[in-house]
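# Coordinates in review
Below, each chain spelled out in residue letters.
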Amino acid sequence: TTSPIVTGGSVVAVKFRGGVVLACDTMLSYGGTLKFKDVCRIEQLEPDLFVAASGEYSDFMEVVRVLRNKSRESFLHADGVTLSHRDYGNFLRNLQYSKRNKFDPYYDTFVLAGVRGGQPFISTVDMYGDQFEQDSALTGLGKYFGTPLINNQWNPDCSEEQAIQAVGEVFKMLYLRDCKGHDQVDFLILREAGVERRRARVNGEWNHDMFRTHANEKRKR
Amino acid sequence: GTMYDLSATTFSPEGKIFQIEYAQKAIDNSETVVGVRCKDGILLGSDKLLFSKLLVPGTNRRIYNIDYSVGAVLAGKVPDGRALVSHCRKEATKYNYSFDIPIAGRILSERLGLFVNAHTLYGSVRPFGASVILASHCPEEGYQLHMVEPSGQAMGYFSCTAGKGKQVVKAELEKKAFRELTCREALVPLIKMLILSHE
């Protein structure tokens with residue numbers, strides 16, 4: 001894909017003490033049109049590993065299929081050797097880089113998130129083949145709007161509530177400022193003990209004092 | 001015997017293809033394997049001889065995964081069987097890629113049958129010296145058991161067996177109604193059968 005058609009918005013993932021939060025909104029855009037309002041953009045690869053992406057959705061679906069096949073290959077061998085989270089990230093990097101070199105990229109930035117052996121894991125791979133394994137991941141405009149919020153409100157060793165709160169703030173900012181932002185967000189909270197999914201709606205504050213007074217002032221002029 | 005057994009492309013006057021029968025012989029001289037369809041699943045078992053103390057236990061595997069919902073046990077020559085397993089995996093993958101659902105046992109066994117049969121049609125290839133017993137599950141058709149033989153014949157079974165002790169095991173299978181047992185209940189009788197076939 002060189003020009004995407006149906007696209008997903010920003011993805012945010014942060015580590016907390018003993019787990020990871022992976023979140024993205026539930027919208028797919030068709031250019032500037034809000035085409036699909038209620039899509040869960042988080043896909044499962046393993047019981048303890050999930051992937052989400054921003055960018056062309058059909059490419060995301062295809063790559064998820066490819067990644068699931070890698071998991072299946074490993075299952076078929078039945079030799080006690082399974083793919084680690086890092087293996088998925090490395091494979092994805094190789095895939096993206098080789099596609100990019102053929103001028104036919106999967107037009108997505110992927111975020112892998114998982115917890116294994118008490119160790120949280122986050123890896124991003126973009127459509128050029130850049131791979132980063134870090135404590136937080138923000139894609140698309142989330143990177144620009146969200147990074148200052150994350151830096152101020154979160155650290156990799158914080159509590160789960162704090163992490164979810166920080167991520168929620170990012171999506172609120174995205175809903176208010178990103179044209180392709182949506183007010184419904186899917187949260188995936190990964191802990192060693194298990195996985196929890198939540199869905200929340202951003203409170204788009206239109207009844208803001210400053211907005212009301214200033215807007216009305218401008219109209220009077 | 002003579003003259004009609006040089007190639008799989010030749011029939012004998014009695015209507016036999018000797019090369020296929022010889023391939024079957026290779027299986028009949030090999031370890032016993034058994035597959036049984038129970039109430040809540042399928043059991044596959046294989047008598048695995050470690051013919052030397054120098055062998056690592058657990059080596060020479062005979063039971064393989066084909067897909068998330070299909071498994072197989074090999075009868076006869078393991079290298080030939082592994083080629084069949086490899087083909088099964090390819091078929092299952094291609095089918096899933098086209099139809100986005102897991103392949104049913106019935107379809108997979110027929111495809112494998114076609115593949116095996118193709119190796120009995122030309123002078124330049126030899127038949128496989130292995131049978132594959134396929135255990136599968138799909139939502140539409142439930143648990144199924146199939147066996148594919150060197151001739152390419154693929155049939156569905158409630159229970160099937162191949163190998164050295166197949167007569168002994170077959171007699172035992174006909175005696176016991178495995179269909180009514182759960183897998184857990186059938187496990188010990190199955191193991192007993194395999195031990196019995198060892199004699």
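Along every chain, residues carry numbers that run from 1 in the direction the sequence is written. Ligands are numbered from 1 and chains lettered from A, in the order in which they are written. Given that the model is predicted, a residue must reach a pLDDT of at least 70 before its local features are reported, and side-chain atom pairs must reach 80 or more before they are shown or counted; all residues, however, enter totals for whole chains, interfaces and linings. Just so you know, side-chain values use all the structure's heavy atoms and leave hydrogens and water out.

### Concerning the overall build of chain A
- Looking only at helices and strands, chain A has five helices and 13 strands in total.
- For 221 residues, the compact-globule formula gives about 17 Å, and the C-alpha radius of gyration of chain A, at 18 Å, lands near that figure.
- Structurally, chain A occupies a C-alpha span of about 75 × 40 × 25 Å along its principal axes.
- With a 1.4 Å probe rolled over the protein chains alone, any residue whose accessible area is under 20% of its type maximum counts as buried; one over 50% counts as exposed, and the rest are partly exposed. For chain A, buried positions account for 45% of its 221 residues.
- Throughout, a residue-residue contact means that at least one pair of heavy atoms, one from each residue, lies within 4.5 Å. Intrachain contacts of chain A at a sequence separation of at least 6 include 62% that bridge at least 24 residues.
- Charge centroids of chain A, computed over 29 positive and 29 negative side chains, lie 6 Å from each other. Numbering of helices and strands runs from the N terminus; a helix is a DSSP stretch of H or I covering at least four residues, while a strand is a stretch of E covering at least two. This radius of gyration counts C-alpha atoms alone. The globule rule is 2.2 Å times how many residues there are, raised to the power 0.38. In this tally, Lys and Arg are treated as positive and Asp and Glu as negative; His is ignored, and so are the chain termini. Lys charges are placed at NZ, Arg charges at CZ, Asp charges at CG and Glu charges at CD.

### Comments concerning the packing of helix H1 (residues 57-77) of chain A against helix H2 (residues 78-99) of chain B
- Angular values range over 0 to 180 degrees, each being the angle between N-to-C directions of two axes fitted as lines to C-alpha atoms, with helices fitted over their stretch in contact. The geometry of H1(A) relative to H2(B) is characterised by a closest axis approach of 13 Å and an angle of 160 degrees between their N-to-C directions. The angle between H1(A) and H2(B) falls in the class roughly antiparallel. The interaxial crossing formed by H1(A) with H2(B) has right-handed handedness. Only Arg89(B), Ala92(B), Thr93(B), Asn96(B) and Tyr97(B) of H2(B) make contact with H1(A), whose side of the interface consists of Glu62(A), Arg65(A), Asn69(A), Arg72(A) and Leu76(A). Each angle is binned into one of four classes, with values under 35 degrees roughly parallel, values over 145 roughly antiparallel, values of 65 to 115 roughly perpendicular, and all other values oblique. Each crossing gets its hand from how the near helix is turned against the far one by less than a right angle, where anticlockwise is left-handed and clockwise is right-handed.

### Regarding the state of the cysteines
Residues and elements named next belong to chain A.
- The disulfide criterion is simple: two cysteine sulfur atoms within 2.5 Å. Throughout the structure, instances matching the rule amount to zero disulfides over all chains.
- Cys24 provides the cysteine sulfur closest to Cys40, a residue in no disulfide bond, and the two sulfurs are 6.6 Å apart.
- Under the relative-accessibility criterion, Cys40 is labelled partly exposed at 27%.
- Of the cysteine sulfurs around Cys158, a residue in no disulfide, the closest is that of Cys24, at 19 Å.
- Residue classification places Cys158 among the buried residues on the basis of a relative accessible area of 2%.

### Some details on the interface of chain A and chain B
- Across the contact, 10 residues belong to chain A and 11 residues belong to chain B.
- Counting the surface lost from both chain A and chain B, the interface buries some 960 Å², and carbon and sulfur atoms represent 42% of this.
- By the criterion of area lost to chain B, the three top residues of chain A are Arg65(A), Arg72(A) and Leu76(A), representing 60% of everything that side buries.
- The salt bridge criterion pairs a side-chain nitrogen of Lys or Arg with a carboxyl oxygen of Asp or Glu, the two atoms within 4 Å. Taken together, the links from chain A to chain B amount to one salt bridge. When two parts are brought into contact, each loses some accessible area as probed by a 1.4 Å sphere; the total of that loss over both is the buried area.

### Some words on the layout of surface pockets
- Taken as a whole, the largest pocket encloses approximately 760 Å³ of empty space.
- Buriedness of a pocket was judged along seven lines, with at least five required to meet protein on both sides within 12 Å; pockets are open sets of points on a 1 Å grid over the protein atoms alone, cavities are sets where a 1.4 Å probe fits but cannot get out, and lining residues have an atom within 4 Å of a point. The wall of the largest pocket is formed by 35 residues, among which Ser54(A), Thr109(A), Thr139(A), Gly140(A) and Lys143(A) lie closest to the centre.
- Where the lining of the largest pocket is concerned, the elements lending two or more residues are strand S1 (6-8), strand S7 (49-56), strand S8 (108-116), strand S11 (136-138) and helix H3 (142-153) of chain A.
- When residues in the lining of the largest pocket are grouped by element, the largest group, five residues, is from H3(A).
- The residue classification treats Ala, Val, Leu, Ile, Met, Phe, Trp, Tyr, Cys and Pro as nonpolar and Asp, Glu, Lys and Arg as charged. All others, Gly included, are polar. In terms of residue class, the lining of the largest pocket is made up of 13 nonpolar, 16 polar and six charged.
- Grid points are joined across faces, edges and corners, and a volume is the space filled by probe spheres set on the points. Taken as a whole, the second largest pocket encloses approximately 580 Å³ of empty space.
- In terms of lining, the second largest pocket is formed by 22 residues, of which the most central are Arg65(A), Arg68(A), Asn69(A), Asn96(B) and Asp100(B).

### So, helix H1 (residues 18-28) of chain B
- Taken as a whole, H1(B) has its buried residues at Phe18(B), Ile20(B), Ala23(B), Ala26(B) and Ile27(B).
- Looking at the buried side of H1(B), the elements it contacts are strand S4 (70-76), strand S5 (130-138) and strand S8 (159-162) of chain B.

### Section: the sheet that holds strand S7 (residues 154-157) of chain B
All names here are of chain B.
- The strand order S3-S4-S5-S6-S7 describes an open sheet built from five strands, whose pairing is antiparallel. Two strands bound the open sheet, and with one partner strand each, they are strand S3 (63-67) and S7. Geometrically, the sheet is characterised by an average inter-axis angle of 25 degrees between neighbouring strands, direction not taken into account.
- On the sheet, helix H3 (residues 105-118) packs against S3, S4, S5, strand S6 (142-148) and S7 and is oriented at approximately 10 degrees with respect to S6. For two strands to count as paired, DSSP must find a minimum of two bridges between them.

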